[in-house]
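Inside the fold
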Amino acid sequence: MKKVLKRLGSIAVCGAMCLTALAGCGASSSTSGTDTSESGGAAQREFEGVKLVYWSNWEATEPQGIVITQAVEAFEKETGAEVDLQFKGRKGIKEGLIPALDADQQVDLFDGAQNKSNYGERILCLEDVVKEADYEKESNPVLMELSRSYYSDGKLYEIPYQMKANGYMYNKELFKQAGIAEVPGTWEEFLEACKKLKEAGITPLTTDDAYAMQAFGMHLARLIGSDEVKKVVNEGTWDRPEVLQTAQAFEKLAAEGYFSSQVGSNVWPTGQNTELATGTAAMYCVGTYIVNETKNITGPDFQWGFFGYPELENGINGLEAMVIGNQSFAITNKCKNPKAAFALIEMMTRGEWDARLAEESLSLPADINNTSWPEQLADAKPYMDKCTQILATSGGLENNPEITPALKENLMKLYAGTCTAQEFVDNMLAASKA
């Protein structure tokens with residue numbers, strides 16, 4: 001697969017924390033507890049006596065937490081290790097882990113949102129252990145490359161799991177009612193789909209303030225790429241022609257009545273819950289995680305579909321470039337037995353437990369051999385299989401938190417048709433200078 005990922009800017013090097021202690025050690029998560037010695041007695045299980053402290057960013061009651069608990073119990077039984085599994089939640093990891101590590105508290109491994117470069121030398125380089133286990137042969141190569149791109153030395157410090165893809169999630173039943181036989185692959189086809197939906201009395205599009213940047217950002221990234229989108233939000237170059245071109249595309253969608261009439265006032269999760277999940281709006285540009293977020297509303301019979309952000313005329317990339325993300329695991333520099341920690345990570349990202357995690361949390365598997373995806377997300381697989389370039393979140397539009405409030409506000413006005421494309425550009429220029 002051709003790699004067209006570009007290294008994300010210089011990040012503090014994680015230092016010489018590579019797992020030299022692992023040299024010559026074979027990492028395996030499938031060691032049987034029934035091996036016997038030559039005398040016929042039961043052999044000691046591989047990690048008998050090893051104690052690991054694992055901090056998770058999930059809650060124990062979430063689907064992910066439930067599966068992880070079961071996987072840890074199986075790991076303990078199989079290997080003889082003792083795992084102190086602590087569910088800290090998103091806030092607990094974000095606010096508590098670095099202080100804990102700096103206070104010399106024992107935390108051996110943890111999970112959480114991708115890109116853990118801010119942990120610096122607190123996490124270990126995983127290149128040696130991954131190579132020793134031949135781990136990458138069953139991993140998505142683009143996601144592994146993405147994980148390396150966060151670090152200025154280009155090495156691997158985190159293992160991706162709990163995948164998600166971003167594009168248009170849509171209601172297949174509404175597409176059928178509108179006579180749309182194939183999902184759009186180009187902008188012209190997308191506009192035609194919107195037209196057919198409206199003619200059938202169906203609201204084509206909705207969104208919420210929380211996810212407002214996704215469609216606009218991906219559209220702009222189709223024209224100039226993620227690195228240039230980041231420059232726009234960081235340097236305030238909203239007057240470049242591609243920004244106006246993108247704004248005009250959404251101005252037209254609003255003028256044609258393709259957005260929900262209430263979109264301008266949608267505060268998350270209003271649009272996704274009261275319009276998309278209830279079947280009154282057909283499409284929503286968002287991540288595949290929305291299936292899990294709305295499952296209590298949609299129920300099991302909702303016909304979910306997915307398609308990648310449409311290709312644009314004169315765009316510099318196409319459907320092979322996607323916004324893809326994940327959670328990830330890392331091993332800390334406090335870990336006394338990195339081999340055991342990696343064996344647990346390997347167990348949770350391969351085979352049975354990886355498949356269970358994907359099925360129960362309605363997410364995408366990490367193991368490329370797990371080809372039976374949750375039915376609701378099956379349409380995303382062909383796009384991910386052909387992905388060779390990963391765009392930044394919202395195409396790079398979320399790269400500057402200081403401008404985000406103004407950006408969300410003006411995007412929602414643009415989608416609602418209460419400001420023109422030129423007014424959007426002018427407003428963002430003013431906000432960047434404020």
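It should be noted that the structure appears before, not after, this text.
First, a word on what this report is: a plain description of the structure on this page. Residue positions are counted from 1 within each chain, in the order its sequence is given. With the structure being a predicted model, the display of local features is reserved for residues of pLDDT at least 70 and the display and counting of side-chain atom pairs for 80 or more, all residues being used for whole-chain, interface and lining totals. Computation of side-chain values covers all heavy atoms of the structure but excludes hydrogens and water.

**Digging into the overall build of the chain**
Put simply, the rule reads: Starting at the N terminus, helices and strands are each numbered in turn, a helix being any DSSP run of H or I of at least four residues and a strand any DSSP run of E of at least two. Radius of gyration: C-alpha atoms only; globule rule: 2.2 Å multiplied by the number of residues to the exponent 0.38. The classification of residues rests on relative accessible area computed with a 1.4 Å probe and restricted to protein chains. Under 20% of the type maximum is buried, over 50% is exposed, and intermediate values are partly exposed. Working rule for contacts: check all heavy atoms of both residues, and any pair within 4.5 Å makes them a contact. To measure how exposed things are, a 1.4 Å probe is used in the Shrake-Rupley method; for residues, cover is taken only from the protein chains shown.
Counting its secondary structure elements, the chain contains 17 helices and nine strands. For 434 residues, the compact-globule formula gives about 22 Å, and the C-alpha radius of gyration of the chain, at 23 Å, lands near that figure. C-alpha atoms of the chain, sized along the principal axes, occupy 80 × 45 × 35 Å. The 434 residues of the chain split such that 53% are buried. In the chain, the share of contacts with a sequence separation of at least 24, taken over all contacts with a separation of at least 6, comes to 78%. Of the roughly 18,300 Å² of accessible surface on the chain, a fraction of 47% belongs to carbon and sulfur atoms.

**A few points about the pairing of strand β7 (residues 304-307)**
To keep things clear, this is the line we draw: By this definition, two strands are paired if DSSP reports at least two bridges between them.
Residues of β7 alternate between two faces, with W304 and F306 on one and G305 and F307 on the opposite face, all of them buried. In this structure, strand β4 (residues 159-171) lies alongside β7, joined through four bridges in antiparallel fashion. Bridged to Y170 within β7 is G305.

**Concerning unusual backbone geometry**
A cis amide bond links W268 with the next residue in sequence, P269, at an omega value of 10°. The phi dihedral of L362 is positive, around 50°, even though this residue is not glycine. Within the secondary structure layout, L362 lies in the loop between α14 (351-361) and α15 (380-385).

**Digging into the nonpolar core**
Spelled out, the test is: Throughout, nonpolar core names a set of buried Ala, Val, Leu, Ile, Met, Phe, Trp, Tyr and Cys residues whose side chains join them through atoms within 4.5 Å.
By size, the foremost hydrophobic cluster in this structure holds 136 residues, and its most contacted members are F216, W238, M283, L411, Y415 and F424. Discounting residues that sit within four places of it in the chain, F424 has contacts with F216, W238, V243, A247, L407, N410, L411, L414 and C419.

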